[in-house]
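Here is how the chains run, residue by residue.
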Amino acid sequence: MLTLMLAACGHSANKSTEAAATDKPATETASDARAEGTDTAGQGEKVTFHAANGDIQVPKNPQRIVDVTNFNTGYFIALGAKLVGVGQDAIQNPYFEGKLDGVKNLGETISPEKILELNPDLIVVYTGTEGVDKLEQIAPVVAVEYGKLTYKEQMLDFGKLIGKGQEAQAWVDQWEKKINELKPQVQEAVGNKTVSIINPYAKGLYVFGHNYGRGGEIIYGEFGLKAPPEAQKEAIDSGTGWADISLEKLPEFAGDIVFTCAWSGDDSDPSKVYDNAVWKGLPAVKAGHVFQLNPKADTYNDPVSLEAQLAFITESLLSVK
């Protein structure tokens, strides 16, 4: 399931945390650093955090956080957390531009050695990440299960994790206020029209639902807009958040309004879909109600990315006549 989730997201978040070839394995290096009396951040007060990998003793106010999940980095940015290292995909997210200055790019292949060099006091990973036992010898490791919590719940949970509960609640409150202001305008503009989120890829198309990024949390979750019946059934009611379909089935899943972008998970040519007669024959295409998402940013559903998506999605939907 983890492999499927990562493939569907089109990113290489957490490819591996196995130790790279060095004279000493990472576990020995970490032990040596402590034995030599190296100052390690996070040696102050500890609290218990209920993570996916159990009850973990973490610093009450972590000062050197390494996040290797990519998809959670925006939460820490929004909370003003003290990040020292993140994955390459997070660095490349256009919505994070200027917000990760001075934070180490750990690259696509993240090894314990790279993390050890940053002297972290907290490491955040996804459940199923390899080599966690090695990382645990460097600093407390908190594992997060992708998609288990809604983004609001995840925000509040991370607020607890890093001692910024008030900041997390403040973000949720201002977000809900903004949604309450925009929702009536959007619903009036869209009316009874249906909305789809569709990505071409090498073997067909992905149709996305309410909880897999690409604006689904806003379109279906916050604005309460309708998906076509087949998309509702396969990508939302199923609980998966996505469906894999063939080009021939596209008309059944395409709404009156379509949000789309090229697939970032392979090197396929999206024009094979966009130039196809089936695509060009869609009512949304003929009406000019197709809006292009950003494949390097809109796969994310963290607070920073959601705020940027909200502006684009609202503007797009209000333009529909």
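Residues numbered from 1 in each chain as written. Predicted model: local features only at pLDDT ≥ 70, side-chain atom pairs only at ≥ 80, totals over all residues. Heavy atoms only, no water.

1. Remarks on the overall build of the chain
Counting its secondary structure elements, the chain contains 15 helices and 12 strands. Intrachain contacts of the chain at a sequence separation of at least 6 include 69% that bridge at least 24 residues. Element-wise, carbon and sulfur atoms account for 48% of the exposed surface of the chain, whose accessible area totals about 14,500 Å². (Helix = DSSP H or I, 4+ residues; strand = E, 2+ residues; numbered from the N terminus. Contact = heavy atoms within 4.5 Å. Areas by Shrake-Rupley, 256 points an atom, 1.4 Å probe, with all protein chains shown as cover.)

2. A look at the side chain of Ser-196
Mapped onto the fold, Ser-196 is located in strand E8 (residues 195-201). Taking the relative accessible area as the measure of exposure, Ser-196 reaches 0% and is therefore buried. (Buried < 20%, exposed > 50% of the residue type's maximum accessible area, 1.4 Å probe, protein only.)

3. Things to note about helix H10 (residues 229-237)
All of the buried residues along H10 are Ala-231, Ala-235 and Ile-236. Seen end-on, H10 carries its buried residues on one side only, within an arc spanning 85 degrees. For H10, exposure combined with an orientation more than 90 degrees from the buried face picks out Pro-229, Lys-233 and Asp-237. Positive phi shows up at Gly-239, right after H10, with a value of about 85 degrees. (Arc of directions from axis to C-beta.)

4. A short note on the pattern of salt bridges
Side chains carrying opposite charge are able to pair once their charged atoms draw close together. For the coordinates displayed, the defined rule picks out three salt bridges. With a closest N to O distance of 3.8 Å, Lys-60 and Glu-45 form a salt bridge. Taken as a pair, Lys-60 in the loop between strand E2 (54-59) and strand E3 (65-67) and Glu-45 in the loop between helix H2 (26-35) and strand E1 (46-51) lie far apart in primary sequence, 15 residues in all. When its relative accessible area of 39% is taken as the criterion, Lys-60 is described as partly exposed. By relative accessible area, which is 54% here, Glu-45 ends up exposed. When the shortest N-O distance is used, the salt bridge between Glu-176 and Lys-152 registers 3.2 Å. In this pair, Glu-176 is assigned in helix H8 (residues 165-190) and Lys-152 in helix H7 (residues 151-161), connecting sequence segments 24 residues apart. Taken together, the salt bridges that share partners define one network made up of Lys-152, Glu-176 and Glu-222. (Salt bridge = Lys/Arg side-chain N within 4 Å of Asp/Glu carboxyl O.)

5. Describing unusual backbone geometry
Positive phi outside glycine occurs at Asn-70, with the angle close to 70 degrees. Counting through the fold element by element, Asn-70 comes out in the loop between E3 and helix H3 (73-78). Of note, the phi angle at Arg-214 is positive, near 60 degrees, even though the residue is not glycine. On the basis of relative accessible area, Arg-214 is assigned to the buried category, the value being 1%.

Take it as geometry only, folks, not as evidence of what the structure does.
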